[in-house]
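Each chain is listed here by its residues.
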Amino acid sequence: MEDVTDTVFRRIVGLCGRPDLFFTEFIHTDVVLAKRRGRPGVTPRLVYSPQELPLVAQIWGNDPSAYARAAKRLASMGFSGVDINMGCPVRKIRKKGACAGLIRRPALAAELIAAAKEGGLPVSVKTRTGYDRHDTERWVAHLLLQGIDALTVHGRYAEQESDEPANWNEIGRAAAIARELGVETAVVGNGDVTSRAEIAERCRAYGLDGVMVGRGVFVDPYLFAAGERAGTFPRADAAQKLDLLQAHLRLYRDVWGATRNYEILKKFYKIYLTGFPAAESLRARLNATHDYEAAEAVIADFLRGIGECDVAAGGASRAETKVLR
Ligand SMILES: Cc1cc2nc3c(=O)[nH]c(=O)nc-3n(C[C@H](O)[C@H](O)[C@H](O)COP(=O)(O)O)c2cc1C
């Protein structure tokens with residue numbers, strides 16, 4: 001997810017409970033290929049650490065020759081696969097015939113896939129069920145006939161953007177088409193899934209090979225965790241949530257330092273600062289900070305307050321509440 005699933009957030013989610021596969025934010029092929037001082041540069045969106053592997057880089061754009069070169073570069077950088085964004089519904093982008101706009105340009109879509117394969121990595125596509133209506137039969141069959149390794153189908157058509165609930169019957173239809181065509185492509189569903197149990201249930205009910213989860217991790221970063229931790233985060237106490245926030249804040253500072261504005265980090269605060277007494281006032285205090293040190297001081301002050309309450313209440317053990325260190 002753009003401006004969300006950078007290397008830092010992927011690592012935080014990975015620490016909580018790994019998904020089988022991570023994806024990068026979408027990256028234009030020109031950005032993948034951009035040079036700095038005459039040498040290949042690495043855009044922040046392509047920064048990753050080994051613990052995020054397997055990691056698929058998602059690209060977009062409309063130039064087949066750029067796809068071939070970008071895919072080769074991604075292979076040389078150690079990515080596990082290349083995913084082509086044919087689903088982003090942003091009007092400005094799709095009107096130019098890119099991303100979801102490719103649903104109306106099937107011949108170009110096929111060329112882009114063929115070009116991406118020149119990198120030698122597995123190639124997947126993420127798309128929607130159609131442009132101005134569910135058009136799954138035509139569009140999904142066309143993509144499946146291009147010999148891709150995986151296809152992720154988001155259960156809305158492009159003009160629906162994010163308005164209606166995702167249509168899982170259409171996603172199930174995509175899986176059925178793959179079976180009818182006898183292709184090897186893994187079919188993955190996407191849209192509105194918020195728990196690990198739901199992932200398994202959707203795979204069973206709709207005959208899918210997997211489920212891609214986006215916003216679910218905003219509610220529960222432990223969404224992919226197996227066993228007793230799964231689904232517990234929304235009910236976790238303040239100390240647990242702040243432990244994870246501190247881990248995120250410190251990793252963000254260590255990885256990005258002064259190269260990225262501290263203010264961007266604030267958008268993550270609501271993941272952690274919800275569902276416990278005083279969460280809202282703590283969020284307001286943190287939103288008023290302008291650097292890491294001030295944020296750390298506010299959190300430490302809040303935790304001291306909890307500690308004092310524990311002592312007053314007879315000493316509940318903080319050690320039991322640790323999530324991550
Ligand atoms: C903030 C944000 C950024 C997103 N960026 C991307 C992106 O870069 N590439 C992509 O394929 N989808 C992107 N999406 C769409 C999600 O991958 C996903 O298809 C959508 O949110 C529906 O799935 P969900 O209900 O599991 O979130 C983004 C969604 C959000 C909310």
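Note that the coordinates shown come from a computational prediction; the quantities given were computed from them, not determined experimentally.

## With respect to the overall build of the protein
Summing up its helical and strand segments, the protein has 13 helices and nine strands in all. Here the C-alpha atoms of the protein give a radius of gyration of 21 Å, agreeing with the 20 Å that 2.2 N^0.38 yields for 325 residues. Reported as C-alpha extents along the three principal axes, the dimensions of the protein are approximately 70 × 50 × 30 Å. Among the 325 residues that make up the protein, the fraction classed as buried is 52%. In the protein, of all internal contacts separated by at least 6 residues, the share reaching a separation of at least 24 is 69%. Put simply, the protein shows about 14900 Å² of open surface, and 52% of that area lies on carbon and sulfur atoms. For the protein, the distance from the average site of its 45 positive side-chain charges to the average site of its 40 negative ones is 4 Å.

## Describing the pattern of salt bridges
Within the structure shown, the criterion is met by 23 salt bridges. The partner of Asp192 in a salt bridge is Arg215, and the shortest N-O contact between them spans 3.1 Å. With Asp192 in the loop between β8 (186-190) and α8 (196-206) and Arg215 in the loop between β9 (210-212) and α9 (216-219), the pair connects residues that are 23 residues apart, well separated along the chain. In this structure Asp192 comes out as partly exposed when scored by relative accessible area, which is 32%. Between Glu201 and Arg202 there is a salt bridge whose closest N-O contact spans 3.5 Å. Residue Arg202 is classed as buried on the basis of its relative accessible area of 15%. Among the charged side chains, a salt-bridge network with shared partners connects Arg104, Asp132, Arg133, Asp135 and Arg138.

## Topic: the packing of helix α6 (residues 136-144) against helix α7 (residues 168-181)
For the pair α6 and α7, interaxial distance at closest approach is 10 Å and the crossing angle is 50°. Taken together, the axes of α6 and α7 lie oblique to each other. Between α6 and α7 the crossing geometry is right-handed. Across from Thr136, Glu137, Val140, Ala141 and Leu144 in α6, the residues of α7 making contact are Glu170, Arg173, Ala174, Ile177, Ala178 and Leu181.

## Structural notes on the site of the ligand
In the vicinity of the ligand there are 13 residues, among which Glu2, Gln58, Asn190, Asp192 and Arg215 approach most closely. Here a nitrogen atom of the ligand and a side-chain polar atom of Asn85 are 3.4 Å apart. In this structure, Lys126 approaches the ligand through a side-chain N or O atom, which is 2.8 Å from an oxygen atom. Tallied by class, the residues present in the shell around the ligand amount to three nonpolar, six polar and four charged.

## Examining the sheet that holds strand β4 (residues 55-60)
By way of backbone hydrogen bonds, the strands of a sheet pair with one another, either parallel or antiparallel. Reading across from one edge, β1-β4-β5-β6-β7-β8-β9 is the order of the seven strands in this open sheet, with parallel pairing throughout. Both edges of this open sheet fall to β1 (22-28) and β9, since each of them pairs with a single strand only. Between one strand axis and the next, the sheet turns through 25° on average, direction left out of account. Relative to β8, strand β7 (residues 150-154) runs parallel, the two sharing five bridges. Along β8, the bridge assignment pairs His154 with Asn190. Sitting on the sheet, helix α3 (residues 64-76) touches β4 and β5 (81-86), and the angle it makes with β4 is about 160°.

## Let's talk about the nonpolar core
By size, the foremost hydrophobic cluster in this structure holds 91 residues, and its most contacted members are Phe9, Leu74, Met86, Tyr269, Tyr272, Leu273 and Leu286. Per-element tally for this core: the top contributor is helix α10 (residues 238-256), with eight residues. Leaving out residues up to four positions away in the same chain, Met86 has contacts with Cys99, Ala100, Leu102, Ile103, Ala109, Ile113, Val125, Lys126, Thr127, Arg128, Trp139 and Leu143. Judged by nonpolar contacts, the second largest core, of six residues, contains Phe26, Trp60, Ile93 and Cys99.

## Some words on the packing of aromatic side chains
Inspection of every chain in the model, using the stated rule, returns nine aromatic pairs. Ring geometry for Tyr252 and Tyr292: centres 6.4 Å apart, planes at 50°, overall tilted. Note that Tyr252 is positioned in helix α10 and Tyr292 in helix α13 (residues 292-312), a separation of 40 residues in sequence. Looking at Tyr292, the relative accessible area reads 8%, which means it is buried. One cation-aromatic arrangement involves Lys241 over Phe233; the distance from NZ or CZ to the ring centre is 5.6 Å.

## Quick notes on the pairing of β1
With five of its seven residues buried, β1 lies for the most part within the structure. Bridge analysis of β1 against β4 gives five bridges, and the strand direction is parallel. What sits directly across from His28, in β4, is Trp60.

## A look at the pairing of β7
Where burial is concerned, most of β7 is hidden: five out of the five residues are buried. The side-chain alternation of β7 yields two buried faces, one formed by Ala150, Thr152 and His154 and the other by Leu151 and Val153. Strand direction decides the pairing type here: strand β6 (residues 123-128) and β7, joined by five bridges, are parallel. Along β7, the bridge assignment pairs Lys126 with Thr152. Traced from β7 through α7 to β8, the parallel crossover comes out right-handed.

What counts as what
Residues numbered from 1 in each chain as written. Predicted model: local features only at pLDDT ≥ 70, side-chain atom pairs only at ≥ 80, totals over all residues. Heavy atoms only, no water. Helix = DSSP H or I, 4+ residues; strand = E, 2+ residues; numbered from the N terminus. Rg over C-alpha atoms; globule rule 2.2 N^0.38 Å. Buried < 20%, exposed > 50% of the residue type's maximum accessible area, 1.4 Å probe, protein only. Contact = heavy atoms within 4.5 Å. Areas by Shrake-Rupley, 256 points an atom, 1.4 Å probe, with all protein chains shown as cover. Lys, Arg positive; Asp, Glu negative; His and termini not counted. Charge placed at Lys NZ, Arg CZ, Asp CG, Glu CD. Salt bridge = Lys/Arg side-chain N within 4 Å of Asp/Glu carboxyl O. Axes fitted to C-alpha atoms, helices over the stretch in contact; angles between N-to-C directions. Parallel < 35°, antiparallel > 145°, perpendicular 65-115°, else oblique. Left-handed = near helix turned anticlockwise from the far one by under 90°. Near = heavy atom within 4 Å. Polar contact = N/O pair within 3.5 Å; in protein donor to acceptor, adjacent residues only side chain to side chain. Nonpolar A, V, L, I, M, F, W, Y, C, P; charged D, E, K, R; others polar. Pairing = 2+ DSSP bridges. Core = buried A, V, L, I, M, F, W, Y, C linked by side-chain atoms within 4.5 Å. Phe/Tyr/Trp six-rings, centres within 6.5 Å; stacked < 30°, edge-to-face > 60°. Lys NZ or Arg CZ within 6 Å of the ring centre and 35° of its normal. Right-handed = clockwise from strand over helix to strand, strands pointing away.

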